[in-house]
Amino acid sequence: MNKRKGNPADTLSDMLALGDIITRLKSMRVPADALTWHRFSGSLLLVLLVLLFLSGAFMAFYYSPVPGTAYDSVDYALFSVPFGDVIKGVHYYSWNVLLIIMGLHLVRAFIVGAYKSPRQLVWVSGVLIMLLLPALIITGDLLPWDQNGFWTTQVRISIIASVPVVGDFMVRLIQGGPLTGIVALTRFYVLHIFFLPVWLVFLVVIHFHFLKQRGLSGSWAENHSNRQTISFFPQLVNRWLLLFLGVTLGLGLISWYWPAPLGDPADPTDSTFVPRPEWWVLFLNQLVTVFKGSLTVIGSVIIPGGLAALLIALPFLDTSPDRHPARRKKVILIAVTIAIILLGLSIMGYLEHFNETHA
Amino acid sequence: MSKKFILSIIICLALVAGGLLIGPDEVTGMAKQTVTAAKVEKAPAGLDDPVWQKAKAVQVPFEGKEKFAGKKATVSTKAVYTADEIYFRFNWKDADKSVTKGAWKFDGQKWSHQEGNEDRISLLFEIERIDKFATKGCAVVCHVPAGKTAKDGKFGTISAAEKGDLWHWKAARSDPAGFADDTWLTQISEEKGGRKSDAGKGGDQKNMTADKSKPMYMLAPGKKLAANDILLVAHAVEIKDYSGFKAGDTLTYRMPKMPEGSRADIKALSRYADGSWTVVLYRSLDTGNDDDTAFNPRKKYNFAMALFDNSGDEDSYDSEVLTLQFAR
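Remember, it's a predicted structure, so these values are computed and weren't measured experimentally.

1. Some words on the nonpolar core
Then, in step 1: L48 and L251 of chain A are the most contacted members of the largest nonpolar core, which has 41 residues in total.
Then, in step 2: Mapped onto this core, the elements with two or more residues apiece are α4 (41–62), α6 (84–111), α7 (120–142), α10 (182–214) and α11 (232–257) of chain A.
Then, in step 3: Here the element with the most residues in this core is α6 of chain A; it accounts for nine residues.
Then, in step 4: Other than its neighbours up to four places away in sequence, L48 of chain A contacts S94, V97, L98, I101, V247 and L251 of chain A.
Then, in step 5: One finds F62, W167, F303 and L324 of chain B within the second-largest nonpolar core, a separate group that totals 39 residues.

Take a look at the structure:
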């Protein structure tokens, strides 16, 4: 008892009645390779999500979701608040890196067959998280009320409007009227800082729940019966905190030297502005370009929707117990073909939008 | 383990490279012309200082308006900045050096104003955001009433919350004193435009007698005419005896004053040679005055320019709006 009183951490733990929880966390064992040099994408995604939440909360303190003041409030947060542009940069680069890491995470899970029984719902919840991210990015893009965000939103809204039957209704629901104005900005803001993050947290919790229940997938070559373990707390938590610190510093430095962009204030009367699609959406943009007129729905809904459905359904379509890629040639071949097509479309989109000479 | 380690390093490097590839410029739309101010340790000492070679010249196109309609001009524009100051260097072709600005000429019997105006270049930045200036440029601060001509137009913003910082280099009225006129824009009213002089003193003084028939001042003994043979107010003395003037003598009509206070923020260097003007304007990045734009090198700024070739305010060559950014 005297020893406990002498330790401030134990004293605090007693005060907050956290003793049982800490004991349970300390006794929890996780695979030793849960977070290592060669396996870090899942933990890195969590780091990036936390950074997005923290930097987003900082920006929300200064943000005014009204077209007349939104841009100026962002400008103020960036250039009048100390390190404001660095924090905005961390937010900007975090989601860019998040998309890359999420792609790698998905590819790794696919290659090692991590979606197979008993981890089907780990995969499904992960795919749902990935599908939710574009909604967060789309709603976030409009918030600074700059030219790129405004006109990119117009392009996206026109694509949504092209969806048969429900397109116009969805646009009205999103925009709250025929134009992208104060109601649209308010709705995008509420979606971006409340509804979508709540869904994201919910899905992440679900993902971790299934992960804990079904276990972390290992390499197909590993002998799982002899898998080494470490304690969740403090070993795994300390590794994660180290990663968090490193990534925060790294992204902070990148943001310091290459600040996040803030374009010109939105001018809804300036129809000469042609927004360029962001890198992660190039293939979708190209699909809309390929399928024109009455076929637009193929590029805007059927193919992207089909791909999303295919990803979600993968664990239930490929039910063989084999995890080694050499014994899953058919699935791997289909995936590689789809990946090559998407990459080709992205390259076409890049050449069309970024490789042109402007007078 | 070593293979895994190497693989991890490769992945990390690839991610960093990927992050850098997703540069901020990749997500912007159609680019406006951008003038990038190069960072220099030592301020340029003159118009031809080698330090200017560190800055990339941007050829800014100008479209003629009113009497210059259909004509075009190009101004080669460079910028550099130090820890404290920003420098702009402009070079443009102009067949004639115009610095007359109604100077007096004596024909042996009487004094009269000579034909001719002056060459000028002006820059407009935002102090407080001017709605749509970023996309429409100077067009949003030129207000010509319906059915009227450009000469009847008012120059200013449409609300008091919007403020512009107008740098106005005048070959005859400011340059000889070594400055550009530092003014600012605010809301227009029913009666007048919104162009105001910065706090302090400056501008020019008309050199004429009360009956406006002849000049009132001449060069004081021991003083010299300033650049472009212009008489400065500080170097002028009242004419007591007009009998000493002979036919063909000229005297400055608009005498520049030495500016003081915030109006003296923008210093100027210039040269007219080989049919072109070269002008350098420079001032503190942040003057601390609320009638000036405070430049933060981490931020981008919109600005637009106008060129006046021996002409009044309504006859100009105007640029599209440009972006000023600061290189690291």
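Once the structure has been displayed, the description carries forward.
2. Structural notes on the sheet that holds strand β6 (residues 111–113) of chain B
Residue and element names in this part refer to chain B.
Then, in step 1: If you walk across this open sheet you meet the three strands as β6-β5-β16, and the pairing is antiparallel. Each of the sheet's edge strands pairs with one partner strand only, and the pair in question is β6 and β16 (250–251).
Then, in step 2: Relative to β16, strand β5 (residues 104–106) runs antiparallel, the two being bridged by two bridges. Bridge assignment links K105 to a residue of β16, and that residue is T250.

3. Examining the environment of V47 of chain A
Residue and element names in this part refer to chain A.
Then, in step 1: Turning to its location among the elements, V47 is positioned in helix α4.
Then, in step 2: Judged by its relative accessible area of 0%, V47 is buried.
Then, in step 3: Along the sequence, V47 and I157 sit 110 residues apart, while their C-alpha atoms lie 31 Å from each other.
Then, in step 4: The contact partners of V47, leaving out residues within four places of it in the chain, are W240, L243, F244 and V247.

4. Some thoughts on the side chain of K170 of chain B
Then, in step 1: Among the structural elements, K170 of chain B can be located in strand β10 (residues 163–170).
Then, in step 2: Leaving out residues up to four positions away in the same chain, K170 of chain B has contacts with E118, D119, R120, D175, P176 and D181 of chain B.

5. A few points about α4 of chain A
Residues and elements named next belong to chain A.
Then, in step 1: Along its 22 residues, α4 runs 32 Å from first to last C-alpha, staying within 8% of the 32 Å computed at 1.5 Å per residue.
Then, in step 2: Listing the buried residues of α4 in full gives S41, S43, L44, L45, V47, L48, L49, L51, L52, S55, F58 and M59.
Then, in step 3: For α4, the elements touching its buried residues are α6, α10 and α11.

6. So, the pattern of salt bridges
Then, in step 1: Evaluation of the coordinates by the stated rule reveals 24 salt bridges over all chains.
Then, in step 2: Note that R271 of chain B is salt-bridged to D48 of chain B, the shortest N-O span being 2.6 Å. Note that R271 of chain B is positioned in strand β18 (residues 267–273) and D48 of chain B in the loop between β1 (34–39) and β2 (58–64), a separation of 223 residues in sequence.
Then, in step 3: We note a salt bridge from K246 of chain B to D249 of chain B, for which the minimum N-O separation is 3.7 Å.
Then, in step 4: Look at K246 of chain B and you get exposed, because its relative accessible area is 56%.
Then, in step 5: Overall, the relative accessible area of 19% leaves D249 of chain B in the buried class.
Then, in step 6: When salt bridges that share partners are traced, they join K116, D318 and R328 of chain A into one network.

Quick notes on the rules
- Residues numbered from 1 in each chain as written.
- Chains lettered and ligands numbered in written order.
- Predicted model: local features only at pLDDT ≥ 70, side-chain atom pairs only at ≥ 80, totals over all residues.
- Heavy atoms only, no water.
- Core = buried A, V, L, I, M, F, W, Y, C linked by side-chain atoms within 4.5 Å.
- Buried < 20%, exposed > 50% of the residue type's maximum accessible area, 1.4 Å probe, protein only.
- Helix = DSSP H or I, 4+ residues; strand = E, 2+ residues; numbered from the N terminus.
- Contact = heavy atoms within 4.5 Å.
- Pairing = 2+ DSSP bridges.
- Expected span 1.5 Å × (residues − 1).
- Salt bridge = Lys/Arg side-chain N within 4 Å of Asp/Glu carboxyl O.

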